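A structural walkthrough
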Amino acid sequence: MLQNRNARIGLGLLGPMIAIVIVAPVLPLPDPTATDAANAFASPSAEHWFGTDHHGRDLFARTLLGGRVSLLFGLGSTAIGLLLGVPIGLASGYFGGNVDEGLMRFMDLFLAFPSLLLALLILAVFGGSMQYAILAVGLVFTPRIARIVRGSTLSERNETYIEAAKARGESHTHILVHELLPNVKSPIIVEASIRIGFGILIGTSLSFLGLGAQPPNPDWGYMIAESRDYLYNSPWFMLWPGLFLSITVLGFNMLGDGLRDILNVEIEEQ
Amino acid sequence: MGKFGRYLAIRSLYSILILWGVTLVVFGVTQILPGDPATMVLGPYVSEQGIELVNERLGLNKPLPVQYFDWITGIFVGDWGLSFQYEQPVYDIVVPRMLRTAQLALVAFLLVVCIGVPLGVVAAIYRGSYVDTVVSAVTYVWLAVPGYVFGILFILLLGGPVFYLFPSSGYVAPSESISGWFGHILLPSVTLALMMVAHVLRQTRSELIDTLQSEYVRTARLKGLDERTVLVKHALRNGIIPTVTLLALKLGSLLGGTVLIEYVFSYPGIGTLTVEAIHNRDLPVLQMSILLIAAAYVIANLIADVLYTYLDPRIEYGGA
Amino acid sequence: MSKNKRSPSNQTMTRARTAQSTSDRLLEIDGLSVEYQLPDRTIKALRDVSMSLEEGETLGIAGESGSGKSTLALAILQYLGDNGNVSGGSISFKDTSLLDASDEDLRSIRGNEIAHVPQNPQTSLNPSITVGEQIAEVIRLHQGKSSTEAKEDAIGILRQVNISDPEENYERYPHELSGGMQQRVLIAMALSCNPELLILDEPTTGLDVTTQSKILSLINELKDEFNTSIVLITHDLGVLAETSDRVAILYAGELVEKGTTSDIFSNSANPYTRGLLAATPDIETERELKPIPGNIPNLDRVPDGCIFADRCEFVEDECRTGQIDLEAVDDGSGHVTRCRRWEHVVDEPLKTSESEGTTSGPVDEAYDSDRKLLEAKNLTKTFGETGLLDQVFGGEQPVQAVNGVDIDVCESETVGIVGESGCGKSTLGRLMVQLLDQDEGTIEFRGEDISSTSDAFDEFRKDTSIVFQNPDSSLNPQKRVYTILERPLDLLADGAEQDKDERIAKLLMQVGLGPEYATKYPGELSGGEKQRVGIARAFASNPKFVVLDEPVASLDASVQANILDLLQELKAEYNTSYLLISHDLSVVNHICDRVAVMYLGEIVETGPKSDVFNPPYHPYTQALLSSIPSMDPEDDRERIHLEGDVPSARNPPSGCSFHSRCPKKIGEQCEQSKPELEGTNAGGQDNRHRVSCHLDEEQMNEPVRET
């Protein structure tokens, strides 16, 4: 795995990020929600390593803790997308015919909306909150993951080991779970790793629009949205969450590309 | 009917079916949106009679199928209903917004085509060289930094205290001032283009690399053709087909409103209108704006598929 | 782009002259070594290979996969890709050193003086340029002709390679042509500038035998007409015997023997060449096959001594040390062999005696109508029934893959199905194990209709099994061999759980693999080993009937014979019946008792092997048989060339489906009425030899008049 340059860089970027996010709650950080109006827009100093925001809150604490929400968002939405998309894609590719037609046409309906807009629409129905935002993005991912899995299943389905399984009378469930799934797992892994990065991006975008993570708890997207009005006062305010967010997404993208090379997967760019 | 004609007919029919499905989804979603429209229109303190009066005027007391039917037939005759919030015809609100987004989209699209495709070709030809490495590294970063961060950075650097080159928000119609129009549209479209250039570039590069390694390119080289002919005549023609399809899809998503970028630059397009309509529960506006965005998407998908089939002589004309 | 990694010191000299120049040598390769640089290792693809080609001569180069034969072709053209480089030796063409030639010189040589016909016609033609333009562009480039002249020339050359309607086909795209026509276009392209040297890399691989035979005759004709020298590369010894003046045999990157065609085929002095000859089934002689044990070696580490030592029956200690040099067998003809013990080798008879075998001998008595195991009646299968949308918009016709086939298999009998690609033989095989459901027809197993009760079907499932063509695809790459063999035991075999390990070990042993193979993944096995696992899986449940779908088609010649032998052994041991599906008549002839010949979804001739092949009755069977390249270089029997290509099964011809290509068509009767499959007079008891043809037997036995 470490022989691949992309995977190596990806892991190198993600390792520290994930470590920080896991360790942050137990670190002796300042209270991320404690305001200090007198000390707003402070530049980095010994006391506030990353400076402070418009309420004088410590940016170091907020940035480190904000990653939890974003990562949770990426992982959660991807998990939902996989949970729904993988079975749909497998069934569609394996059974073909009317099952395939029905499932894929239904998926096409959801592909007629841009990702962010569909998420917005789902949130409009359920109301803006973290849980629903994750669910919404998971649903947005579902048809895209289903298509990838279906594509790989279609090419695997014609391999004769599937026919061999049918010839000895295996059930459809056995063939799907024990014969097909292990052979389409590579594209699923690659897609998942890229989706996590993308989920983090959409999640922060929703927070940016005020529909994801709710204040006052820190989140990178929400922090960037807040910083927008105060850019001229302090560039640090946007720099930190923007930097951390970009590094995380870059890490997942590079890891995904590396995995694609390692696992020898061909996926069309979306 | 020729094979291609048949394919076109089936594929178009299918797109229409999808759009019909979209109208059902949009109508359904707006029905279950929380909140009472009449309350939206009149504010929280209204009498029973007031609510009934509004429902009567907006046609909200009719059965759902009738409301749906009225809505659909209205779309075709240009009667798109009244905005709850502005009390103006939806048509007059949505269409100008859509047109402004289209302007933004077209400028961004031109930038993507003029930057992404040539860079991708260069990166593929000089694969492994430092040009390729730099281009690859830059596209990685582009793909990872959210568009709105780029937008904010542009505003910070070029639209404000550092260099005041371009206005950072709003829109000026070209009929008023061409330079004003261009000034307002440039930053958001460059931001949009940046995000897409990375995708288009990577796709162009990887497809062209595959083509350059194909056996028919080997045949061409072993015929003694010079490298320029091999590239232009034998490789580019086939290698570029997937990119053309991708570009069609990208145009669709650009037209589909680029919510975030419009939001960052306070650009009065269809994207910001949709977010506004969601926040304000302005159902008629929301329905139509979403429908238009989805239509742009579906049509772009149609164009992409048809182009691919048309450009690649190998494709069997399957069903939809 | 040429990636010649040698840095030529004499770049100022275009076309450097080499020291030793001989007048009539067109091509001289001396001590050539080629390496491929992979990220983690170096593959020594060619090592110290020398050969030469005289003007007007055809040099055949034979080798199995990994022998380096395609690398040799590309090295001549100086096109080894980014990671390949020449690490030693020289190649000179007409006294020009190709290794030192500049890019510009190479461009003027390629396609003009040396032309290359690549292996896969489908992927080697540019899909978005008309075939005519792809030819005309070479003519414009090298001969400086105008567009109109070049087009005229291109049409002329298309006509010369026997493409019908050349004006019309000039405007077609490659995907609109059949594989055989695509290959003709590539040959036309190569000949368009009248090259002095033509390199043909597996020119007929992937083509059907009848098409192959036409392409080979075309090559022989064109060689005389254009006076071109040819290097022909192939894995098929029959193709070489048919076309070459001299032959070079490559094994694992080394030249092991070279000489005149008759030196090699009747007087070989090399154990590998002899092994290859003895392992290849030949339809004319009913001899026992003698497999070469072991596998083709990896080339990242080349052992000391002889590279073939591990598989050689003549091996002695002296073979495993030092460098083995080429030794002259016959100075006069230039026959050389890379073997220290060749004098011992030539003492052995070249071919094993006929009818000596016990396992492979044809058992004509296997047929016994009282012991019918399986009987299928009127099997019919159609693919791609049109949906509603297709009907509205006028979609394509469905494909009738199998059309009313009757076939039966007796206990311990091997029935062969032969036919060309698209004839429906694989579909028939899948119907026979119910991997596909038939649209019409019934299958009776031990006299009971398998669809009558679910018990009957379960019994059928338990007692039937299938071996697939491609072992890379038929084993799940994510499962260990143990798991692969365990599933059919769990599902189909009766027996206690604790016997399972024992049974798996026994199965592995029976297919010639050790118990240590149980823990391996398919990716760790060679092609032949994978096929052995596939066969073990098929026999796990003690089947009484096994369908063999092209079981050796994707294996190298030296491995094929091993697998065929194994199948024979297992059949005797398990008392199994086989339905063998193959495009290769030699394979069918080798192990079958009875055969059926299929054309466009129908059986056109069936009967005991000897009745069908000696002599063939149906005109199609005759054409098939005559198309097989002969291993005997002296053989110059008349070939029957069928016109055109196999018609589409979407739209089969009316009447007799073979009438559109039949060399013996008698008239309207053939076009209008479908002949019945009827017994012949020679068919003997049970009417077992049956032919579907309007001709009477006498007419069938007449030779084809050359038109």
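Definitions and limits used
- Residues numbered from 1 in each chain as written.
- Chains lettered and ligands numbered in written order.
- Predicted model: local features only at pLDDT ≥ 70, side-chain atom pairs only at ≥ 80, totals over all residues.
- Heavy atoms only, no water.
- Helix = DSSP H or I, 4+ residues; strand = E, 2+ residues; numbered from the N terminus.
- Buried < 20%, exposed > 50% of the residue type's maximum accessible area, 1.4 Å probe, protein only.
- 1 Å grid on protein atoms, 1.4 Å probe; cavity = no way out; pocket = protein on both sides within 12 Å on 5 of 7 lines; lining within 4 Å.
- Points joined across faces, edges and corners; volume = space filled by probe spheres on them.
- Nonpolar A, V, L, I, M, F, W, Y, C, P; charged D, E, K, R; others polar.
- Phe/Tyr/Trp six-rings, centres within 6.5 Å; stacked < 30°, edge-to-face > 60°.
- Lys NZ or Arg CZ within 6 Å of the ring centre and 35° of its normal.
- Contact = heavy atoms within 4.5 Å.
- Buried area = accessible area lost by both parts, 1.4 Å probe.
- Salt bridge = Lys/Arg side-chain N within 4 Å of Asp/Glu carboxyl O.
- Polar contact = N/O pair within 3.5 Å; in protein donor to acceptor, adjacent residues only side chain to side chain.
- Core = buried A, V, L, I, M, F, W, Y, C linked by side-chain atoms within 4.5 Å.
- Domains from an automatic or database assignment.

All names here are of chain C. Counting through the fold element by element, G132 comes out in helix 4 (residues 131–143). What makes G132 buried here is its relative accessible area of 0%. Separated by 401 residues in sequence, G132 and V533 have C-alpha atoms that sit 47 Å apart.

A few words now on the layout of surface pockets. Residue and element names in this part refer to chain C. Here the second largest pocket is characterised by a volume of approximately 1200 Å³. Along the wall of the second largest pocket there are 47 residues; nearest its centre are H235, D236, A553, H583 and D584. Put simply, the parts of the chain that give the lining of the second largest pocket at least two residues each are helix 8 (209–226), helix 9 (237–243), helix 11 (271–279), helix 14 (425–432), helix 20 (557–574) and helix 21 (585–591). Its residues assigned to classes, the lining of the second largest pocket comprises 18 nonpolar, 19 polar and ten charged.

Okay, the packing of aromatic side chains next. Counted by the stated rule, this structure contains 23 aromatic pairs over all chains. An angle of 75° between the planes, with centres 5.7 Å apart, marks the rings of A:F208 and B:Y263 as edge-to-face. A residue pair is termed interchain when its members come from two chains, as with A:F208 in helix 7 (residues 172–208) and B:Y263 in helix 12 (residues 259–264). Through a chain of ring-to-ring contacts, three or more aromatic side chains come together here, namely A:F208, B:Y148 and B:Y263. The side chain of A:R195 reaches across the aromatic face of A:F141, ending 4.8 Å from its centre. The ring of C:Y517 carries the charged tip of C:K520 above its face, separated from the ring centre by 4.6 Å.

Across the boundary between the two partners, chain B contributes 25 residues, which contact 34 residues of chain C. A combined buried area of about 2800 Å² lies between chain B and chain C, and 58% of that area is made up of carbon and sulfur atoms. Among the residues of chain B in contact with chain C, B:R218, B:L222 and B:K223 are the three that bury the most area, contributing 25% of the side total. Where chain B meets chain C, there are three salt bridges. A salt bridge links C:E137 to B:K233; the shortest N-O distance between them is 2.8 Å. For the pair chain B and chain C, the interface holds 17 residue pairs in polar contact (both at pLDDT 80 or more).

Among the nonpolar cores identified, the biggest contains 154 residues, and A:L206, A:F208, B:V22 and B:W71 are the most heavily contacted of them. Setting aside residues no more than four positions away along its own chain, A:F208 makes contact with A:G221, A:Y222, A:I224, A:A225, A:R228, B:Y148, B:I152, B:L260, B:Y263 and B:V264. In terms of nonpolar packing, the next biggest core, distinct from the first, is built from 101 residues, C:I114, C:V117, C:A190 and C:I215 among them.

Attention shifts here to the domain arrangement of chain C. Along its sequence, chain C is carved into domain 1 (124–194), domain 2 (268–356) and domain 3 (607–707). Each of domain 1 of chain C and domain 3 of chain C has a C-alpha centre, and the two are 33 Å apart.

This brings us to the pattern of salt bridges. Inspection of the entire model under this criterion finds 53 salt bridges over all chains. Counted as one network, the salt bridges with shared partners bring together B:K223, B:K233, C:E133, C:E137 and C:R140.

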